[in-house]
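Topology and contacts: notes
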Amino acid sequence: MTSALLPAGFHDRLPPRADAAARLEACVLGTAFAHGYERTDPALAEFEEGLASRLKAARRQDAVRFIDPVSQRSLAIRPDITAQVGRIAATRMAHHPRPLRLSYGGPVLKLRAADLAPERERLQVGCELIGLDNVAAAREVAGIAVEALAAAGVTGVSIDFTLPDLVDVLAAGPLPVPAERIDALRDRLDAKDAGGVAEIAPDYLPLIEAAGPFGPALTRLRGFDGALASRLDGLAAVAAGLDVALTLDPTERHGFEYQTWLGFSLFAEGVRGEIGRGGAYAIVENGTEEPAMGFSLYIDQLVEAGAGADARRRLFVPLGSDPAIAAGLRRAGWVTVAALEPRDTAQAQLCTHILADGEARPI
Ligand SMILES: N[C@@H](Cc1c[nH]c[nH+]1)C(=O)O
């Protein structure tokens, strides 16, 4: 019988997966570091209002909240580190020159699991570029995400672009929609509900058909409304710098609550669901807004698909072996597992090799 040790949506990472996760995290952060992104390590929990108000339309209901007995205030456990990096950039690092490049990695907690992803606690690793949200910023950020995944040995990566504020832009200008119906229109477009869209604003129907492989989708969108020309040029320029499969789904909103002109989801062949997301957004501080661009990767699905695994070559060091030889082999990259009592065996210690006559012999 397996009785639940942990609540639904939570899991312990055991060996070798915990090591694989740490390796992937280090690989992503290492790639980011090499591009000038320095690490921040925000607090696990913070005042709820600060977290919720920092990014426009970030969802307060995503966070696990509680009243802190010490401060008597409502705290939230972070559901997304991006908002925290925004807080740090806007306050303690406000005086740093822009653009400011920061990276992060750590657990995040959601109040509820999403339909297709049962996890509530996940390991989030990412980069934020604060002070710019133009094409150059998007190219850098998306490029680093792709490079980091390649460095981590993840293959078959693809990116699905979206234009999160597209409906707002069209509704405010060329294709007016009554304000009270915009939310419903957005939801129906997101759900690709053609009948529902036709009821509210039939002019928007071509947007549903514009989803698909990047090139043709972009061409269809270009024919849709001239008001989008500069955005679409920007999108084309971002895509041109990326050497992975690209798609475009202009009305996808799910998971892009606070992103503005550009959003993207990352996928990899053989990996369940999205492995990450990113895009442009604004950080709000004292009524002013600062543009930013970033991406977050979720490491657990990658680990589940086998990424970050190593060959697990473990060398068993029998009792009485010369410690200097084992030390030399460790320096050469071996993992050594020392026998601590006579009945220890290489098999019990999951070793692939054994130290015999001063050298590593396969078992
Ligand atoms: N933090 C966002 C992705 C993102 C990072 N920067 C901008 N957007 C997410 O996990 O969905």
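On a predicted model such as this, the values are computed, not experimentally measured, just so you know. (Residues numbered from 1 in each chain as written. Predicted model: local features only at pLDDT ≥ 70, side-chain atom pairs only at ≥ 80, totals over all residues. Heavy atoms only, no water.)

Turning next to the pairing of strand 10 (residues 263–268). Counting buried residues along strand 10, five of its six residues qualify, which places the element largely inside the surrounding structure. Bridge count between strand 7 (residues 157–162) and strand 10: six bridges; the pairing is antiparallel. Within strand 10, the residue paired with V157 across the bridge is A268. Pairing of strand 10 with strand 11 (residues 276–285) involves four bridges; the strand directions are antiparallel. Each bridged residue has a counterpart across the sheet, and for S265 the counterpart in strand 11 is R277. (Buried < 20%, exposed > 50% of the residue type's maximum accessible area, 1.4 Å probe, protein only. Helix = DSSP H or I, 4+ residues; strand = E, 2+ residues; numbered from the N terminus. Pairing = 2+ DSSP bridges.)

A few words now on the packing of aromatic side chains. Tallying each qualifying case throughout the model produces three aromatic pairs. Seen in terms of ring centroids, F161 and F264 are 6.2 Å apart; in terms of plane orientation they differ by 65°. Their pairing is edge-to-face. Taken as a pair, F161 in strand 7 and F264 in strand 10 lie far apart in primary sequence, 103 residues in all. Judged by centre distance (5.7 Å) and plane angle (75°), the rings of Y258 and Y281 are edge-to-face. You can see Y258 sitting in the loop between strand 9 (245–248) and strand 10 and its partner Y281 sitting in strand 11, a full 23 residues away along the chain. Taken as a pair, Y258 and Y281 share a single burial class, namely buried. Ring-pair connections join several aromatic residues into one group, and the members of that group are F161, F214 and F264. The ring of F47 has R73 sitting right over it, with the charged end atom 3.6 Å from the ring centre. Here R122 stacks its cationic end above the ring of Y298, 3.8 Å away from the centre of that ring. (Phe/Tyr/Trp six-rings, centres within 6.5 Å; stacked < 30°, edge-to-face > 60°. Lys NZ or Arg CZ within 6 Å of the ring centre and 35° of its normal.)

The next point concerns the side chain of Q259. Checked against the element boundaries, Q259 lands in the loop between strand 9 and strand 10. What makes Q259 buried here is its relative accessible area of 9%. With near-sequence residues (within four places) excluded, Q259 lies in contact with P164, G278, G279, A280 and Y281. (Contact = heavy atoms within 4.5 Å.)

Okay, empty space enclosed by the protein next. Counting across every chain of the model gives one cavity of 30 Å³ or more. For the largest cavity, the calculated volume is near 40 Å³. Lining of the largest cavity is provided by P79, V108, K110, R120, R122 and Y298. Here the lining of the largest cavity is composed, by residue class, of three nonpolar, no polar and three charged. (1 Å grid on protein atoms, 1.4 Å probe; cavity = no way out; pocket = protein on both sides within 12 Å on 5 of 7 lines; lining within 4 Å. Points joined across faces, edges and corners; volume = space filled by probe spheres on them. Nonpolar A, V, L, I, M, F, W, Y, C, P; charged D, E, K, R; others polar.)

The next point concerns the layout of surface pockets. The space that makes up the largest pocket amounts to roughly 1,200 Å³. Around the largest pocket, the lining is made up of 50 residues, and of these K110, R122, H254, G255 and R277 lie nearest the centre. Looking at the lining of the largest pocket, the elements with two or more residues in it are helix 2 (48–54), helix 3 (81–90), strand 6 (121–130), strand 10, strand 11 and strand 12 (288–298). Broken down by element, the lining of the largest pocket gets its largest block of residues, five residues, from strand 11. A class-by-class count of the residues in the lining of the largest pocket yields 18 nonpolar, 14 polar and 18 charged. If you add up the space inside the second largest pocket, you get close to 260 Å³.

A separate point is the site of the ligand. The environment of the ligand is made up of 14 residues, and the closest members are D80, T82, R277, S296 and Y298. T82 places a side-chain nitrogen or oxygen 2.8 Å from a nitrogen atom of the ligand. Between R277 and the ligand, the recorded distance is 2.7 Å, taken from a side-chain N or O atom to an oxygen atom. When the ligand sits alone it has 300 Å² of accessible area, and the protein chains cover 98% of it. (Near = heavy atom within 4 Å. Polar contact = N/O pair within 3.5 Å; in protein donor to acceptor, adjacent residues only side chain to side chain. Areas by Shrake-Rupley, 256 points an atom, 1.4 Å probe, with all protein chains shown as cover.)

This next bit is on unusual backbone geometry. Of the consecutive residues P15 and P16, the connecting peptide bond is found in the cis state with omega at 0°. Within the fold, P16 resides in the segment before helix 1 (17–34). In this structure, the amide linkage connecting R98 to the following residue, P99, adopts the cis form with an omega of -5°. The topology assignment puts P99 in the loop between helix 3 and strand 5 (100–109). Residues other than glycine seldom take positive phi values, yet K192 does so here, at roughly 55°. Note that K192 resides in the loop between helix 6 (182–190) and helix 7 (194–200). In this model, D357 sits at a positive phi of 50°, which is unusual for a non-glycine residue. Along the chain, D357 falls in the loop between strand 15 (353–356) and strand 16 (359–362). Under the relative-accessibility criterion, D357 is labelled exposed at 69%.

Now for the packing of helix 1 against helix 4 (residues 135–151). Describing two packed helices takes the angle between their axes plus the distance from one axis to the other. One way to put it is that helix 1 packs onto helix 4 with a least axis distance of 9 Å and a crossing angle of 135°. Relative to helix 4, helix 1 is oriented oblique. Once helix 1 is placed against helix 4, the crossing between them reads as right-handed. Contacts between helix 1 and helix 4 involve C27, V28, T31 and A32 from the former and I144, E147, A148 and A151 from the latter. (Axes fitted to C-alpha atoms, helices over the stretch in contact; angles between N-to-C directions. Parallel < 35°, antiparallel > 145°, perpendicular 65-115°, else oblique. Left-handed = near helix turned anticlockwise from the far one by under 90°.)

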